[in-house]
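Fold and contact review
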Amino acid sequence: MAIPLPSIASLNSPLFAQTLSVFREYLPSPVPMLGTIDRSIPVPLKQLVAEAPLNRVFAQAIDDGEFDDFEGRRIRLEVNGGQPGITIGFWSGRLRVIDGPGEATIRGSLSAFRTLAERQQDPDQLFFQRQLVIEGDTELGLGLKNLLDSLDWNFKILP
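All of the points below concern the structure found in this document. (Residues numbered from 1 in each chain as written. Predicted model: local features only at pLDDT ≥ 70, side-chain atom pairs only at ≥ 80, totals over all residues. Heavy atoms only, no water.)

1. Details of the nonpolar core
- With 21 residues, the main nonpolar core has F67, F70, L95, I106 and L132 as its most contacted residues.
- Here this core gets 3 residues from one element, more than from any other, and that element is helix α8 (residues 138-150).
- With residues up to four places along the chain from it excluded, the contact list for L132 reads I106, R107, G108, A112, F113, L116, L126 and F127. (Core = buried A, V, L, I, M, F, W, Y, C linked by side-chain atoms within 4.5 Å. Buried < 20%, exposed > 50% of the residue type's maximum accessible area, 1.4 Å probe, protein only. Helix = DSSP H or I, 4+ residues; strand = E, 2+ residues; numbered from the N terminus. Contact = heavy atoms within 4.5 Å.)

What follows is the structure, given as structure tokens:
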């Protein structure tokens, strides 16, 4: 006897949403496990996986000189708790993944970063609601936030 699989329509049902909400509330956070995985991945592999997609997503903005003010600067994106995280810099017309701290750090939950990436909510709201926090060189962090907010980019992260 085959077990019926849920249809796409049932994945959007209120019952499914409530079930996910309960799981998110009571299951342990995946952040410690993700931090362990993050620390075990060498930086060259992170560069190989992350740099090409980042430069592809922002290619038009890079070509238009939108990132020129960030030349030689480093910013860290970090999940609450310090790990996992990634430090990104801009050198010679390319976004690069680097090892080490950033001059500014944008910190938040996985869901806040997903909301930001998918442009589901105004970035200012995420900061005013303290779902995302800028530390260190706040002028650099706000400059990057404003740049990302002004660009025309859009993608969906799979569930």
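Now that the structure has been shown, we can carry on.
2. Considering the pairing of strand β4 (residues 104-108)
- With 5 of 5 residues buried, β4 is to be regarded as a mostly interior element.
- Burial along β4 is two-sided: A104, I106 and G108 facing one way and T105 and R107 facing the other are all buried.
- Of the pairings in the sheet, the one linking strand β1 (residues 74-79) to β4 comprises 5 bridges and is parallel in character. The partner of V79 across the bridge, within β4, is G108.
- Bridging between β4 and strand β5 (residues 132-136) involves 5 bridges; their strand directions are antiparallel. Residue pairing in the sheet places G108 in a bridge with L132 of β5. (Pairing = 2+ DSSP bridges.)

3. Section: the sheet that holds β5
- The 5 strands lie next to each other as β3-β2-β1-β4-β5, forming an open sheet whose pairing is mixed. In this open sheet, the two strands that pair with only one neighbour each are β3 (94-98) and β5. This sheet shows a mean twist of 25° between the axes of neighbouring strands, independent of strand direction.
- Judged from the 5 bridges that link them, β1 and strand β2 (residues 85-91) form a sheet pairing that is antiparallel. Among the inter-strand pairings, I75 is bridged to a residue of β2, identified as I88. (Axes fitted to C-alpha atoms, helices over the stretch in contact; angles between N-to-C directions.)

4. Brief notes about a nonpolar patch on the surface
- Together, F16, L20 and F23 make up a nonpolar patch on the protein surface, roughly 250 Å² of accessible area in all.
- With respect to the helices, strands and loops of the structure, F23 is situated in helix α2 (residues 14-26).
- Given the relative accessible area of 46%, F23 is considered partly exposed. (Patch = residues over 30% accessible without salt bridge, like charges linked within 9 Å, V, L, I, M, F, W, Y side chains within 5 Å. Areas by Shrake-Rupley, 256 points an atom, 1.4 Å probe, with all protein chains shown as cover. Salt bridge = Lys/Arg side-chain N within 4 Å of Asp/Glu carboxyl O.)

5. A word on the pattern of salt bridges
- Applying the stated rule across the entire model yields 8 salt bridges.
- E103 is the partner of R73 in a salt bridge, and the nearest nitrogen-oxygen pair spans 2.7 Å. Here R73, found in the loop between α5 (59-63) and β1, pairs with E103, found in the loop between β3 and β4; they are 30 residues apart in sequence, far enough to count as distant.
- Judged by its relative accessible area of 26%, R73 is partly exposed.

6. Thoughts on the side chain of T115
- Positionally, T115 belongs in helix α6 (residues 110-117).
- Here the side chain of T115 touches S111 through a polar contact of 2.8 Å, landing on its backbone oxygen.
- When sequence neighbours within four positions are dropped, the list of residues in contact with T115 reads Q120, Q121 and L126. (Polar contact = N/O pair within 3.5 Å; in protein donor to acceptor, adjacent residues only side chain to side chain.)

7. A look at the packing of aromatic side chains
- By the definition in use, this model includes 3 aromatic pairs.
- Aromatic ring contacts, followed pair by pair, group F58, F67, F70 and F90 into a single cluster. (Phe/Tyr/Trp six-rings, centres within 6.5 Å; stacked < 30°, edge-to-face > 60°.)

8. Description of a negative patch on the surface
- On the surface, D63, D64, E66, D68, D69 and E71 cluster together into a negatively charged patch.
- Topologically, D64 is positioned in the loop between α5 and β1. (Lys, Arg positive; Asp, Glu negative; His and termini not counted. Charge placed at Lys NZ, Arg CZ, Asp CG, Glu CD.)

Don't take any of this as a statement about function, it's just geometry.
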